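A closer look at the structure
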Amino acid sequence: MLFLDADRIFSVMSPADAVNALSSALVAGFDPADDLSRVVNPIDKGQLLLMPSEVGTGIGIEVMTLGRDNPERGLPVIQGSYLMFDGDTLAPTAVLDGAALTTLRTPAVSVAGIRPALERFDGPLRLVVFGTGPQGTSHVDTLADVVSEPFADVTFVSRAPENVGDDVISRGSVVAAGSPELDAVLTRADVVVCATPAEEPLFSADAVCRDVVVIAMGSHSPDAREVPGALMDRAQVVVEDVETALREAGDVVLAIADGDLSRDDLLLMKDVVRGDAELDPSRPLVFKTVGMPWQDLAVAQVVLERATR
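Here is a short report on the structure shown in this document. Everything numeric here is computed off the predicted structure, so don't read it as measured data. (Residues numbered from 1 in each chain as written. Predicted model: local features only at pLDDT ≥ 70, side-chain atom pairs only at ≥ 80, totals over all residues. Heavy atoms only, no water.)

So, on to the pairing of strand β14 (residues 285-288). What you see with β14 is no split at all: L285 and F287 on one side and V286 and K288 on the other are buried throughout. Pairing between strand β12 (residues 236-239) and β14: 4 bridges, direction parallel. The residue bridging V237 from the neighbouring strand is V286, located in β14. (Buried < 20%, exposed > 50% of the residue type's maximum accessible area, 1.4 Å probe, protein only. Helix = DSSP H or I, 4+ residues; strand = E, 2+ residues; numbered from the N terminus. Pairing = 2+ DSSP bridges.)

Pasting the structure below:
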């Protein structure tokens, strides 16, 4: 079987390419509601994830581990492999580095889901990013690869700014969570990225402007949220799939429980990407993403195609 390591994957697929691969899968007619079920198994040192999918003629499964103690060992939290199969014979054909694929896929999903809404802004974007880990920086890189102009400014929010590394500092400024400086940058932010393990809202609903676009991708459990319910109440809320969101997306689940949102209010990512959803540029847009198996496969298919030309 062919093996594609991280270097090979990144050499054939840019962040913008990954965004386009996901959008193309949806435009071609794939419905995330038809995706196969992800299985999350608790194990002694963390979690074991199995993410199978079938998109068009593509078949694959990602096997990943989340090691909760790995940061203390200087190791990645997410590790694993992606196995692809021939669509006709079902024979295994390739193995891809799973962590590299996830690094590409995760921010690409976020950007694909909000890209149509970026048309509401004139001029360079102003970004605020909650979270200074790999997903915070990769969301900045993916947005930068998609928009036509350099950012007006990028501000990362950290609970410990003194510990932020050069990979963050090279991309933007850093402010402390809860600081007056944060309040100032939030009021003028065009796009807010929430990429943290927070269980409570990271900011107040009245801290952001009326047409802000928010990506909420950090929390993945029904009892944790990064976005306040009051913002969900006045925003258009986009999800990958309704049933998945009602099962895993705490920002959605808790807002519904509090009466700030209803199931009928939810817009689907496929409709936004295809242009079938009517977006109101005068209202906030919140895209709540939890990640689904089809997304890895959609990106992996293009990676494999390009790597074997």
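All right, on to the sheet that holds strand β5 (residues 78-85) then. Read across the sheet, 6 strands follow the order β1-β6-β5-β4-β3-β2 without closing on themselves; strand pairing throughout is mixed. Among the strands making up the open sheet, the edge pair consists of β1 (2-4) and β2 (39-43). Averaged over all pairs of adjacent strands, the angle between strand axes in this sheet comes to 15 degrees, irrespective of strand direction. Along the sheet face, helix α4 (residues 98-114) touches β3 (46-55), β4 (58-67), β5 and β6 (92-97) and points at about 100 degrees away from the line of β4. Contacting β1, β3, β4, β5 and β6, helix α12 (residues 293-307) runs over the sheet at an angle of about 65 degrees to β3. (Axes fitted to C-alpha atoms, helices over the stretch in contact; angles between N-to-C directions. Contact = heavy atoms within 4.5 Å.)

As a further point, take the environment of R38. Take R38: it is sitting in the loop between α2 (15-27) and β2. Classification of R38 by relative accessible area gives partly exposed; the value is 23%. With residues near it in sequence (within four places) discarded, R38 still touches L50, M51, E248, V290, G291 and P293. Within polar-contact distance, the side chain of R38 engages the backbone oxygen of V290 at 3.5 Å. Among the polar contacts made by the side chain of R38, one reaches the main-chain carbonyl oxygen of G291 at a distance of 3.1 Å. (Polar contact = N/O pair within 3.5 Å; in protein donor to acceptor, adjacent residues only side chain to side chain.)

Our focus in this paragraph is the nonpolar core. If you look at the biggest cluster of nonpolar residues, it comprises 60 residues, and the most contacted ones within it are L96, L143, V191, M269 and W294. Ignoring sequence-local partners within four residues, the contact set of V191 consists of L118, F121, L125, R126, L127, V128, L143 and V213. By size, the runner-up hydrophobic cluster in this structure holds 33 residues, among which are C194, A205, A207 and L231. (Core = buried A, V, L, I, M, F, W, Y, C linked by side-chain atoms within 4.5 Å.)

Counting across every chain of the model gives 12 salt bridges. Note that R225 is salt-bridged to D258, the shortest N-O span being 3.1 Å. Here R225 is found in the loop between β11 (213-216) and α8 (229-234), whereas its partner D258 is found in the loop between α10 (250-257) and β13 (267-268), with 33 residues between them in sequence. Overall, the relative accessible area of 14% leaves R225 in the buried class. Note that K288 and D251 form a salt bridge whose closest N and O atoms lie 3.2 Å from each other. Taken together, the positions of K288 in strand β14 and D251 in helix α10 put the pair 37 residues apart, joining distant regions of the chain. Owing to a relative accessible area of 1%, D251 belongs among the buried residues under this scheme. (Salt bridge = Lys/Arg side-chain N within 4 Å of Asp/Glu carboxyl O.)

A separate point is the packing of aromatic side chains. The final tally for this structure, using the stated rule, is 2 aromatic pairs. Here F30 and W294 contribute two aromatic rings whose centre-to-centre distance is 5.6 Å and whose plane-to-plane angle is 40 degrees, an arrangement assigned as tilted. Linking F30 in the loop between α2 and β2 with W294 in helix α12, this pair joins segments that are 264 residues apart in sequence. Grouping residues by exposure puts F30 and W294 together as buried. Where F130 meets F203, the ring centres are 5.6 Å apart and the plane angle is 25 degrees; that geometry is what we call stacked. Placement of F130 in strand β7 (residues 126-130) and of F203 in the loop between β10 (191-194) and β11 is noted, with a sequence separation of 73 residues between them. F203 matches F130 in its accessibility class, with the two residues each being buried. (Phe/Tyr/Trp six-rings, centres within 6.5 Å; stacked < 30°, edge-to-face > 60°.)

Along the polypeptide, K270 turns up in helix α11 (residues 269-274). We classify K270 as buried; its relative accessible area is 14%. At 3.1 Å, the side chain of K270 forms a polar contact with the side chain of D31. The contacts of K270, once residues within four sequence positions are left out, are L26, D31 and P32.

Where α2 meets helix α5 (residues 134-146), the closest approach of the two axes is 8 Å, and the angle between their N-to-C directions is 80 degrees. Taken together, the axes of α2 and α5 are roughly perpendicular relative to one another. Of the residues in α5, those in contact with P15, A16 and V19 of α2 are D141, T142, D145 and V146. For the contact of α2 with α5, the per-class residue count stands at 4 nonpolar, 1 polar and 2 charged. (Parallel < 35°, antiparallel > 145°, perpendicular 65-115°, else oblique. Nonpolar A, V, L, I, M, F, W, Y, C, P; charged D, E, K, R; others polar.)

With that out of the way, let us pick up the side chain of T137. In this structure, T137 sits in helix α5. Setting aside residues no more than four positions away along its own chain, T137 makes contact with F156, D167, V168 and R171.

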